[in-house]
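Residue-level listing of the chains:
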Amino acid sequence: MAIGIDIGGTNLRAALISHSGEILRRVSEKSAPDPELVLGRIADMVHRLDGPQVAAIGVGVPGRVDAENRAVLSGGYVDLASVALAHRLESMAGRPVVIDNDCNMALVAEMALGAASGQANVVMFTIGTGIGGAVAEGRRIVRGKATAGQLGHIGVELDGEVCKCGRRGCVETVSSGTALGGHIARAGLGPDVSVDQLFARGAAGDATARGILDAWARPLRAAIDTAVAMFNPELVLLGGGLGEAAHRALADLPALAPWYQAAVQPAKLGDDAGVIGAGLQALASVVSQASARPAGGRRAVLVNGIPASGKSTVARGISERMGWPLLALDTIKNPFLEALGGADREFNRTLGRASYAAIWLVVGEAPAGATFVVDAWFGFQPRALLEDHLGHAGVGQTAEIWCHAPGEVLAERYRARLDQRPAGHPGATYIPELVELAKRAEPLRRGPLFDVDTTKPIDFDAISQWLREVMHG
């Protein structure tokens with residue numbers, strides 16, 4: 001399963017999504033312009049939906065998104081460009097995170113379960129406060145070098161209003177929900193006039209209502225024709241809160257030229273499209289990463305915990321009892337520190353990252369079926385980097401041993417061994433930082449998890465029996 005999240009200007013929606021796109025559970029929160037507040041609410045929704053069967057998290061984000069690099073480049077009412085959304089949510093949730101533009105996520109859902117089911121080449125406009133866009137060719141989202149598909153910024157009036165993107169006359173400025181409100185106001189009608197009332201008045205012969213609908217829909221028709229000329233799709237979908245209304249308004253506005261013909265239909269999945277698409281994208285990413293891993297079936301026991309948590313003692317005990325080789329960051333790093341006569345903390349971190357990579361290179365060179373015990377604080381590097389290392393090393397199965405103790409215990413342990421560590425490791429000044437880290441550190445929750453409170457006697461028999469049960473083969 002996956003958790004799909006759709007970030008909107010009014011609501012934040014999240015749902016537990018099956019591999020077939022079925023919504024199994026859903027939660028929602030109010031949106032907000034403060035990105036930190038939004039991130040906190042998203043993390044809370046994930047916590048409420050999370051469970052052992054959740055493999056990944058997908059997030060649909062309004063604005064420009066570089067999906068490959070998992071970066072939000074810009075946004076509107078909710079601008080998450082400043083909060084490193086994917087990395088921080090991944091750290092909070094302990095699950096791989098995929099992000100993409102919200103309209104791209106919606107189109108994925110419509111192709112899987114909605115109005116574009118069975119279609120390979122589709123263009124989608126989402127009509128709401130602004131206008132979003134997405135394009136699929138061969139059932140794959142078109143992204144260009146990063147953010148292709150910004151159809152709301154197709155130019156329809158060269159001397160028109162200035163758009164928030166900096167250009168003039170984008171279709172968003174004249175055919176969005178915001179623009180419709182402007183057309184209504186300029187016609188002298190009150191702000192309480194709805195689009196449904198406009199249709200009713202127009203059907204009764206009200207020329208003003210008809211004029212408003214024409215001014216709203218005609219530029220959209222031109223944008224659709226431009227998109228059809230560019231992408232030659234089988235289908236153009238209109239989604240978002242005003243998608244059906246826009247489709248209805250276009251009924252009297254056929255394509256402007258015979259070359260630019262494609263069926264135009266309203267989307268079917270409504271507000272569910274975003275969470276379903278985000279969940280399906282997350283699951284597709286997990287499957288893609290798994291299929292890209294080289295064959296080998298290697299296995300790794302991840303003995304995880306912050307410094308002084310007792311993980312090295314646990315890792316050695318497991319290695320001795322199970323007969324599996326042990327690889328530890330300090331085993332690789334310390335000889336270099338000793339040969340160099342020490343180093344500053346920044347170089348120590350650099351050496352740690354190199355040692356981390358070396359561990360997985362060694363694992364990748366081992367025979368198929370080999371099992372390693374890996375001793376590290378896995379939280380010191382991004383989750384995505386671990387997944388890359390596991391993939392390249394051909395690790396098909398992991399189990400996690402989470403070692404922990406209260407901060408004051410860790411402080412005493414760390415202080416007691418200061419004179420035993422090579423120069424280059426952080427000194428006593430690190431202890432307050434270590435105590436704070438103990439308050440927020442969490443296990444990876446990648447695969448089966450065994451919890452070890454290292455303030456108590458370690459039951460290696462129980463750990464060994466558990467590993468025999470969960471590490472198949």
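The sections below set out a description of the structure shown in this document. (Residues numbered from 1 in each chain as written. Predicted model: local features only at pLDDT ≥ 70, side-chain atom pairs only at ≥ 80, totals over all residues. Heavy atoms only, no water.)

## Thoughts on the packing of aromatic side chains
Here comes step 1: Per the counting criterion, the structure on display carries 6 aromatic pairs.
Here comes step 2: Arranged with centres 6.3 Å apart and planes meeting at 45 degrees, the rings of Trp377 and Trp402 form a pair that is tilted. Of this pair, Trp377 sits in the loop between strand E15 (371-376) and helix H13 (383-393) while Trp402 is found in strand E16 (residues 395-404), placing the two residues 25 residues apart along the sequence.
Here comes step 3: Exposure remark for Trp402: the relative accessible area of 8% places this residue in the buried category.
Here comes step 4: Chaining the aromatic ring pairs together yields one cluster made of Tyr356, Phe378 and Phe380.
Here comes step 5: Sitting above the plane of the Phe199 ring, Arg248 keeps its charged end 4.1 Å from the centroid. (Phe/Tyr/Trp six-rings, centres within 6.5 Å; stacked < 30°, edge-to-face > 60°. Helix = DSSP H or I, 4+ residues; strand = E, 2+ residues; numbered from the N terminus. Buried < 20%, exposed > 50% of the residue type's maximum accessible area, 1.4 Å probe, protein only. Lys NZ or Arg CZ within 6 Å of the ring centre and 35° of its normal.)

## Points about the nonpolar core
Here comes step 1: In this structure, Phe125, Trp216 and Ile224 are the most contacted members of the largest nonpolar core, which totals 33 residues.
Here comes step 2: Broken down by secondary-structure element, the contributors of at least two residues to this core are strand E8 (122-127), strand E9 (131-137), helix H5 (177-186), helix H6 (195-203), helix H7 (207-231), strand E11 (235-239) and helix H8 (243-249).
Here comes step 3: Of all the elements, H7 adds the most residues to this core, at 10 residues.
Here comes step 4: Grouped together as the second largest cluster of nonpolar side chains are 29 residues, Ile3, Val46, Val65 and Val83 included. (Core = buried A, V, L, I, M, F, W, Y, C linked by side-chain atoms within 4.5 Å.)

## A look at the side chain of His183
Here comes step 1: Here His183 lies in helix H5.
Here comes step 2: Accessibility expressed as a relative area gives 12% for His183, which makes it buried.
Here comes step 3: If sequence neighbours within four positions are ignored, His183 has contacts with Val174, Ile212, Ala215 and Trp216. (Contact = heavy atoms within 4.5 Å.)

## Regarding the sheet that holds strand E3 (residues 23-30)
Here comes step 1: With respect to topology, 5 strands assemble into an open sheet ordered E3-E2-E1-E4-E7, the strand pairing being mixed. Looking at the sheet topology across the chains shown, the edges are occupied by E3 and strand E7 (97-101). The mean inter-strand angle of the sheet, taken between neighbouring strand axes irrespective of direction, is 15 degrees.
Here comes step 2: With 5 bridges joining them, strand E1 (residues 2-7) and strand E4 (residues 56-61) adopt parallel strand pairing. Directly across from Gly4, in E4, lies its bridge partner Gly58. (Pairing = 2+ DSSP bridges. Axes fitted to C-alpha atoms, helices over the stretch in contact; angles between N-to-C directions.)

## So, helix H16 (residues 460-470)
Here comes step 1: Along H16, the residues that are buried comprise Phe460, Ile463, Ser464, Trp466, Leu467 and Val470. End-on view of H16: buried residues confined to an arc of 160 degrees, all on one side of the axis.
Here comes step 2: Looking at the buried positions of H16, the neighbouring elements they touch are strand E13 (298-304), helix H10 (311-322), E16 and strand E17 (449-453). (Arc of directions from axis to C-beta.)

## A look at the packing of helix H1 (residues 35-49) against helix H2 (residues 85-93)
Here comes step 1: Contact geometry for H1 and H2: axes closest at 10 Å, N-to-C directions at 40 degrees. Classified by the interaxial angle, the pair formed by H1 and H2 is oblique. When you trace H1 past H2, the crossing you get is right-handed. Counting all contacts with H1, which are made through Glu36, Leu39, Ile42, Ala43 and Val46, the residues of H2 involved are Leu85, Arg88, Leu89, Met92 and Ala93.
Here comes step 2: For the contact of H1 with H2, a count of residues per class yields 8 nonpolar, no polar and 2 charged. (Parallel < 35°, antiparallel > 145°, perpendicular 65-115°, else oblique. Left-handed = near helix turned anticlockwise from the far one by under 90°. Nonpolar A, V, L, I, M, F, W, Y, C, P; charged D, E, K, R; others polar.)

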